[in-house]
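Here is how the chains run, residue by residue.
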Amino acid sequence: MTELRTVSFGEAFRVWAKIGFLSFGGPAGQIALMHRILVDEKKWLTEPQFLHALNFCMLLPGPEAQQLATYAGWLLHGVKGGLAAGLMFILPGVAVMLGLSMLYAAYADLGPVEAVFFGIKAAVFAIVIEALIRISKRVMKSGALYAVAAAAFAAIFFFDVPFPLVIAGAALFGFAAARRAPGIFGDALKVPEDEEPGINGGDHTRASAGRALVTAVAGLALWLGPVVALILVFGMGHVFAQEAVFFSKMAVVTFGGAYAVLAYVAQEAVQNYGWLNPGEMLDGLGLAETTPGPLILVLQFVGYLAAHRAETGISPALAGTIGALVTIWVTFAPCFLWIFLGAPYVERLRKVETLNAAFTAITAAVVGVVLNLAIWFGLHVLFGEVEEVRTGILRLWVPDPATLDPWALALSVAALVAVLRFHAGMLPVLGMAAAAGVAISFL
């Protein structure tokens, strides 16, 4: 077994760069890629160690694949290793997404570009459905978890309950259930025993209260310092400050990956802030699906468009770039903080049943949130007009049947068949859907 201390930082950095440029296909593909390289090829991590790290990262808000890379880098070379691994996982995608956002803002109104995104929207709808099924299979292991998912869906879809409250309610239920009704979640809380001892990574992997305090203070300052500065300089009504505050809140409640994030972002960025419309949210997710790195980079697209369209007194392209960078900073800075602060305690935390129960309930709630997202996206893909109707505390989305787009329906069904029946990859499905959209525009 290769000892972690024998791995040079230069060798590790080259591996992190390779992973960053090859990390297409969403979290499942990215985690599989890291497993193949880190466990099977390099043997830097043992199988139990990799799974323990993955379980820990899945308990955290934010993109689990990026946090897993950060964890592995930290295990090898401490904070500098975690920064190298985590940054290289996202920087290629950030660069690509920034360029695509600029092109979108400048040319989205052109006929051929509109045709491409018409096809992409239908494919994204199918991909969200596939993600819902995949998450459900992984998480839903008892009737109680189905009940949590159903309650979360009803709360957000019918009663417009804010996403953070849905997450908080699920966490409280899970915590209480573990104390009062042990076994209610079936074997979802089962913690596998190690098959072999993990690899010692050096002194930095040992829990220390002093080190944790320094990490917390430094991490919070780096994350929230720029947020406070933007508020003081521009005022709370400025788009840069609004983005910093909004996406900072998002960073602490978005359990379940990019698809759960989109439900929250769609609820706030589209309906409350008016930064973009539902169709553009689908376009952004389609762009994120085609780039390396975590799908949560779709938030960079939102940040770019919001600032690009705002009255900032500077050029729209520069404002959009600043908005995108602000969004990226407050989205990913907490991810590094969670790892550097929590990783030394991962074994202790992993075996606390009440904590695991709380996060299991959160993950089940995410299934309901993603179902809400799928329906919301589907209505806006298939129908030209969707009205929000409120009756007392009840909220419904009511499409106009006369505005059903048969081509959008046909493309969505074809994409669903491709991903569910033939297990086609995201990039081929998106590419074929985009080509079909262009072909339809000539009919």
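None of these values were measured; they are calculated from a predicted model.

A. Main features of the packing of aromatic side chains. Under the definition given, this model contains 16 aromatic pairs. Considering the side-chain rings of W223 and W338, the 5.8 Å spacing of their centres and the 85° angle between planes classify their relative orientation as edge-to-face. Separated by 115 residues along the polypeptide, W223 in helix α8 (residues 209-234) and W338 in helix α13 (residues 316-342) bring together distant segments of the chain. A residue is classified by how much of its surface remains accessible, and W338, at 18% relative accessible area, is buried.

B. Region of interest: the layout of surface pockets. Within this model, the second largest pocket holds a volume of roughly 490 Å³. Lining of the second largest pocket is provided by 21 residues; of these, L83, L222, A333, F336 and F340 occupy positions nearest its centre. Elements that contribute at least two residues to the lining of the second largest pocket include exactly α4 (64-107), α8 and α13. The leading source of residues in the lining of the second largest pocket is α13, at eight residues. Within the lining of the second largest pocket, the residues separate by chemical class into 18 nonpolar, two polar and one charged.

C. Region of interest: the nonpolar core. One finds W16 and Y71 to be the most contacted residues of the largest nonpolar core, which totals 147 residues. Those residues in contact with Y71, other than ones at most four positions away along the chain, are A53, F56, C57, I339, A343 and V346.

D. Looking closely at the pairing of strand β2 (residues 394-399). Bridge count for strand β1 (residues 386-391) against β2 is six bridges, and the pairing is antiparallel. Across the sheet, the residue bridging to V386 is P399, located in β2. Counted between consecutive antiparallel strands, the loop separating β1 from β2 contains two residues, among which G392 sits at a positive phi close to 65°.

E. Spatial organisation of the side chain of H77. One can find H77 in helix α4. Judged by its relative accessible area of 17%, H77 is buried. Within polar-contact distance, the side chain of H77 engages the backbone oxygen of V7 at 2.7 Å. Apart from residues lying up to four places away in sequence, H77 is in contact with V7, S8, F9, A12 and H204.

Here is what the cut-offs are and how they apply
Residues numbered from 1 in each chain as written. Predicted model: local features only at pLDDT ≥ 70, side-chain atom pairs only at ≥ 80, totals over all residues. Heavy atoms only, no water. Phe/Tyr/Trp six-rings, centres within 6.5 Å; stacked < 30°, edge-to-face > 60°. Helix = DSSP H or I, 4+ residues; strand = E, 2+ residues; numbered from the N terminus. Buried < 20%, exposed > 50% of the residue type's maximum accessible area, 1.4 Å probe, protein only. 1 Å grid on protein atoms, 1.4 Å probe; cavity = no way out; pocket = protein on both sides within 12 Å on 5 of 7 lines; lining within 4 Å. Points joined across faces, edges and corners; volume = space filled by probe spheres on them. Nonpolar A, V, L, I, M, F, W, Y, C, P; charged D, E, K, R; others polar. Core = buried A, V, L, I, M, F, W, Y, C linked by side-chain atoms within 4.5 Å. Contact = heavy atoms within 4.5 Å. Pairing = 2+ DSSP bridges. Polar contact = N/O pair within 3.5 Å; in protein donor to acceptor, adjacent residues only side chain to side chain.

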